[in-house]
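Architecture at a glance
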Amino acid sequence: MHTVTLDRQPPEAAAPAAARPRASWHLRANAVVVAYLAATVAALLARDVLPVPRWLAVHLLLLGAVTNAIVTWSEHFAVALLRAAPPSRRRSAARLVVLNATVVGVLVGVTTASVPVITVAASVLPLLVVEHVVGLVRIGRRAMRGRFAHTVRFYVVAGSALVVGITLGGHLAVDSVPGGDGHARFHAGHVHANLLGWVGLTVLGTLFTLWPTVLRTRMVDGVEQAARRCLWLTSGGLAVTVTGLLLGSRLGAAAGLLVYAVGVAAALDPFVRTWRQRAPHDAASWSLAAGVGWLLVGVLADVVALLTSGDLDGFLGRLDALVPLLVVGFVGQVLLGALTYLLPVVLGRGPSGFRAVSGLLGRAWVARAVLLNAGVALVALPVPRPLPVLGWGLVLAAAAGFVVLAGLALVRPAGPTGATRRPERAARPDRAAGSATAAVTIGLVMTLIPVGVALSAGQDGQTSTRVAGGGTRQVAVSLVGMDVRPGVIEVEPGTRLTLVVTNADAMRHDLAVDGGPTTRLLSHGQTEALDLGTVTRDLRAWCTVPGHRAAGMTLDIRVDGAPPGGHVHAGHGQVPAPAATGSTLPQIDFGAVPAASWRPYDATLRPAPGGTEHRLTVRAQEKLLEVAPGVRQRMWTFNGTVPGPTLHGRVGDLFTVTFVNDGTLGHGIDFHAGSLAPDGPMRTIDPGQRLTYQFRAQYAGAWLYHCSTMPMLHHVGNGMFGAVVIDPPNLPKADREYVLVQSEIYLGPQDQPGDLAKMQRGDRDAVVFNGYVNQYAHAPLPARVGERVRFWVVDAGPSDGTSFHVVGGQFDTVFKEGSYLLRRGNPERGAAQTLDLAPAQGGFVETVFGQPGHYPFVDHDLRSAEAGARGVVRVTR
C-alpha cells in the first residue's frame, strides 16, 4: 500500500510563497465555478420570470459549473498524478475564456431561441473539448508511466462522451433531428452521454485517487486493476446505451446500462475497502460518499425505467424525473465535496490559512448535508405535490449555504505570510454534531409546520374563525386557490371589525363587503386592511373578479343573534346597500340574419409554415364581440378572436410562443400539443406581463389550447381557446382544409362576460362552430365537385361533446385522437358518417362531393344543431 496526494506536498506544509502563482490561478478558475453555482441558485429562485427555467438551471450547473471544474481539475490531476511538466498557463487560461464564451453563447442562444448563436456556440464547444482531450493525451505521453495513468484514460473517454453529448444537444437546440421519435432518441442519448459519460466517468476515474486523499489514508491494494475493469465496463456499457437509445432500442440501452452499473460496482470495491480503513468524517468525504450512492441509485432506476416504459417517449418522461436526482444528488454533491476539499488546498495560504478555509467551508456541514439529501429524496420520490416543492427548498438552502461560504473563502484575505497562529480549540465532535442536529431539526419543524397548515387548510376550504368578546378586533383573511380563508367569521354584536386581507394566490384578487368597503386588486403577497366599523348584522364579502364569486370566493360574517341580510355600519352612518346592477339577459334569435357589416371567422387551414421552429405572439385580450345577430358579449380572447389563431405544424416542430396579457384580468395558456410540467409555462400572469411558452410537437393530432387560469370553466367558456393542427407524417394532400372548433355559449348580460353559474349548471344558450351561431349557414364554406375536402374538428367544450356530420356526405378517412380509424383507399371500402369527440378531443375527416349542391354540416346531437351548431358547404362545379 502507499499514500497518494494530489499535490506535490501535503497542503499543511506547502510554502505560501511558492504556492502563490498556483493559488492565484485556481482562485480565478474556482471563482468561475462558484459564480455558475450562484447563477444556478438564482435561476431556480427566479424560475417564474425566466424562459425555459428548468433547462437553464440544469445547464448552468452542468455546462457551466461542472464543465469548468472538470476542465480545470482534470488537467491539474493529470499533471500531479503523472508528475508531468505543467502545460502553458496562458494556453489553459485562453481555453477557459473561449470555453465560457461558448457556454454563455449556448445559454443565451437557447433562452432567446437564436439559431445562429446556438449553431456557432455548439460548433466551437466540441472543438474546445477535443483540444482539451488532446492536451491530456500529450501530458500522459510526456509523463513517466505510472500506476495512476488510468485516471487520465477516464478523462479522455469522458471528453469523447461530451463531444457526442454536445453534438446531440446541438441538433436538439436547432431542431435538426430526424422525424418520428427522433427528438426522444436524441434527447435520451444527449442526457446519458453527458451525465453518465462526461460527468460520471470523470468522477469515477478521479475517485480512485481522490477518495483516499480526502480521507487522509493509504490507498488499498488492487486499485489499478479495479480502475481498468471499471473503465472497460462503464465506457463499453455507455457506448451500448447511447447507441441503443439513438437506434430506438430500449432493451439494448437497458443492457448497456446494466453493464455500466457493474462497472460502478467495480469502482465501489476499493471505495468500500478504503472506507473500512478510515470512515468519512467531514463535509468533503460525506458529500463524495453520498454522491456516489445517488449515482448507483440513479443508474439502477434508469434501468428500471427503460424496461418498464411502453416506448421511448414514455421513458423520456421518467428520465426527466430522474435528472434532478442525478444532477443534484450525484453531480452537485460530488462537486460540493470536491470543492470543499480542494479550495483550501489550492488557495495556498499556509497551514493556518488551510485550517481557516477548511473550518469556514465546514460550518454547519451536517445540517447542509441532511437538508440536501432529504431534498433530493423528496424531489425524486413519487410523493404528494407540495413535498417536491419543499424538497427543492431544502436543496436550494443547502446549495446557497455553500455558495456563501465558498464566496467568503475566495475573497477573504490570507493571514501574514509564514505567520504561525495558535490553533483555535476545536469544538468537541459530539457537541458540534448535537448542535448541527438540533439546528436541522428546528429548521425542518419550522418548515413543515406551515406546509402542514396549508395542506389542512386546502382540504377544508370552509374554515371558521370565532372572534371572542366585543370591542375592536382584527381578523387575518387570506385569498388563495378560489377560496377565502377563513370562510366564516363569527362575531358578537357591536364588535368593531377590521379585516386584514392578504392575497396568497398567484392570481390577482380583491375582497368587497356587501354595502361596505372594497380592497384594491391585490397581487400576490399584497395586503390591505378593511375597516368594517361596528358590525350589527350578518354580512357577505366576495372577490369581484369575474367568475371568482361564483367559483366560491366568498366570506360570511355572522353576528350572534343578529337577523340575517343586514349591512355594515361604518363610522357614524349606515352605508346603504348597493342597488341591483343586473340587466335582462339577451335572447338569441336563431332565425335572425347578421348585419351587412358582419364578417365570418375564416375557417380555412393555412399551410404549415416552412422550417421546424415557429415563433409567434399570442395576446390575451378582452373584447366586445357579437356571438349571434344582435347579441354581444365581452369575450376573453386570444388575439381578439374566438377561437384564437390556429397553429399549424408537423411532428417534431418547435413552437416558441410569447404570451402577453393585454387584458385586465389574470390569464394563462395551456397547449395540449406539448408535453411539459405545467408549473411555470402554464402559470397565470397579471395584466401587462408576458412569458415565453415553448413546446415541441411530438405527436400528430388536432389539439386544443386554452386558458389555464382558475376558474378554468369560466375562462374557457368565455372564449379563451383555439386549435393546434399537427399533420401526421406523410399526410396526403387535400384540395381544401377547414378547421372547425365547436364550443358552447353561456350568455351573461348584454356586453358582459358569460355567466359562470350557467356554465356550472350546464345551462347553455347556444352551440357554435368557430364562435358564432349558425355562422357558416350565413357564409357557406366553398368546395367543388370532385375535390377532396378535409375537416379538422376540435371540441373546445367546455362541457359538451360533438358528433360531427355532413348531411349528404360520407367520410372515407377518419383520424381521431392521433390514430386513423379509416384511410382512403382501404380494401374493405368502409366509410363513416360521424366523427364523435368528447370535450378537448380532436381529429379530421375527409370526403369528396360528387354533385353540386348545399351540404349542411351539424353536430348530430340535434339539440346542439338547433342551438346554433350548423353550417353549409356550397359545392359547385
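Let's shift gears to empty space enclosed by the protein. Empty space among the atoms can be located by rolling a probe the size of a water molecule over them. By the definition in use, this model includes eight cavities of 30 Å³ or more. Approximately 280 Å³ is the volume found for the largest cavity. As for the largest cavity, its lining consists of 20 residues, of which Ile70, Thr202, Val203, Val334 and Ala338 are closest to the centre. Put simply, the parts of the chain that give the lining of the largest cavity at least two residues each are α2 (53-82), α6 (182-215) and α10 (312-346). Its residues assigned to classes, the lining of the largest cavity comprises 17 nonpolar, three polar and no charged. Ala283, Ser287, Gln333, Leu336, Thr340, Trp365, Arg368, Ala369, Leu372, Ala398 and Phe402 together form the lining of the second largest cavity. Elements supplying a minimum of two residues to the lining of the second largest cavity: α9 (283-308), α10, α12 (365-380) and α13 (386-411). Considering every element that reaches the lining of the second largest cavity, the biggest residue donor is α12, with four residues. A class-by-class count of the residues in the lining of the second largest cavity yields seven nonpolar, three polar and one charged.

Next up on the list: the sheet that holds strand β30 (residues 870-876). Within the open sheet, the five strands sit side by side as β22-β30-β29-β24-β27. Their pairing is mixed. The outermost strands of the open sheet, each flanked by one partner alone, are β22 (781-784) and β27 (835-837). Across the sheet, the mean angle separating the axes of adjacent strands is 20° when strand polarity is ignored. Strand direction decides the pairing type here: strand β29 (residues 853-859) and β30, joined by six bridges, are antiparallel. Paired with proline 856 across the strands is valine 872, a residue of β30.

Within the protein, residue pLDDT values average 79, and 80% of them lie at 70 or more. Low pLDDT, under 50, characterises residues 1-20; the stretch is placed with 44 contacts to residues that sit more than four places away or in other chains.

One pass over the structure, following the stated rule, counts 22 salt bridges. One network of salt bridges, in which partners are shared, links Glu737, Arg788, Arg790, Asp812, Arg824 and Glu846.

Note on strand geometry: in a regular strand, side chains alternate between the two faces of the sheet. Counting buried positions along strand β15 (residues 654-661) gives eight out of eight residues, so the element sits mostly inside the fold. Along β15, one buried face is formed by Leu654, Thr656, Thr658 and Val660 and the opposite face, lined by Phe655, Val657, Phe659 and Asn661, is buried too. Strand direction decides the pairing type here: strand β12 (residues 613-628) and β15, joined by eight bridges, are parallel. The partner of valine 618 across the bridge, within β15, is phenylalanine 659. Pairing between β15 and strand β17 (residues 690-696): seven bridges, direction antiparallel. Bridge pairing links phenylalanine 655 to phenylalanine 695 in β17.

What follows concerns the packing of helix α8 (residues 250-277) against α9. At their nearest, the axes of α8 and α9 sit 9 Å apart, and the two run at 160° to each other. As judged from the angle between their axes, α8 and α9 are roughly antiparallel. Two packed elements cross with a definite hand, and for α8 against α9 that hand is left-handed. Counted together, Arg250, Leu251, Ala253, Ala254, Leu257, Leu258, Tyr260, Ala261, Val264, Leu268, Phe271 and Trp275 of α8 and Trp286, Ala289, Val292, Leu295, Leu296, Val299, Leu300, Asp302, Val303, Leu306 and Leu307 of α9 form the full contact between these two elements. In terms of residue class, the contact of α8 with α9 is built from 21 nonpolar, no polar and two charged.

Turning to the environment of methionine 219, a few remarks are in order. With respect to the helices, strands and loops of the structure, methionine 219 is situated in the loop between α6 and α7 (223-246). With 51 residues separating them along the chain, methionine 219 and proline 270 place their C-alpha atoms 8.5 Å apart.

Scoring rules and cut-offs
- Residues numbered from 1 in each chain as written.
- Predicted model: local features only at pLDDT ≥ 70, side-chain atom pairs only at ≥ 80, totals over all residues.
- Heavy atoms only, no water.
- 1 Å grid on protein atoms, 1.4 Å probe; cavity = no way out; pocket = protein on both sides within 12 Å on 5 of 7 lines; lining within 4 Å.
- Points joined across faces, edges and corners; volume = space filled by probe spheres on them.
- Helix = DSSP H or I, 4+ residues; strand = E, 2+ residues; numbered from the N terminus.
- Nonpolar A, V, L, I, M, F, W, Y, C, P; charged D, E, K, R; others polar.
- Pairing = 2+ DSSP bridges.
- Axes fitted to C-alpha atoms, helices over the stretch in contact; angles between N-to-C directions.
- pLDDT = per-residue confidence, 0-100.
- Contact = heavy atoms within 4.5 Å.
- Salt bridge = Lys/Arg side-chain N within 4 Å of Asp/Glu carboxyl O.
- Buried < 20%, exposed > 50% of the residue type's maximum accessible area, 1.4 Å probe, protein only.
- Parallel < 35°, antiparallel > 145°, perpendicular 65-115°, else oblique.
- Left-handed = near helix turned anticlockwise from the far one by under 90°.

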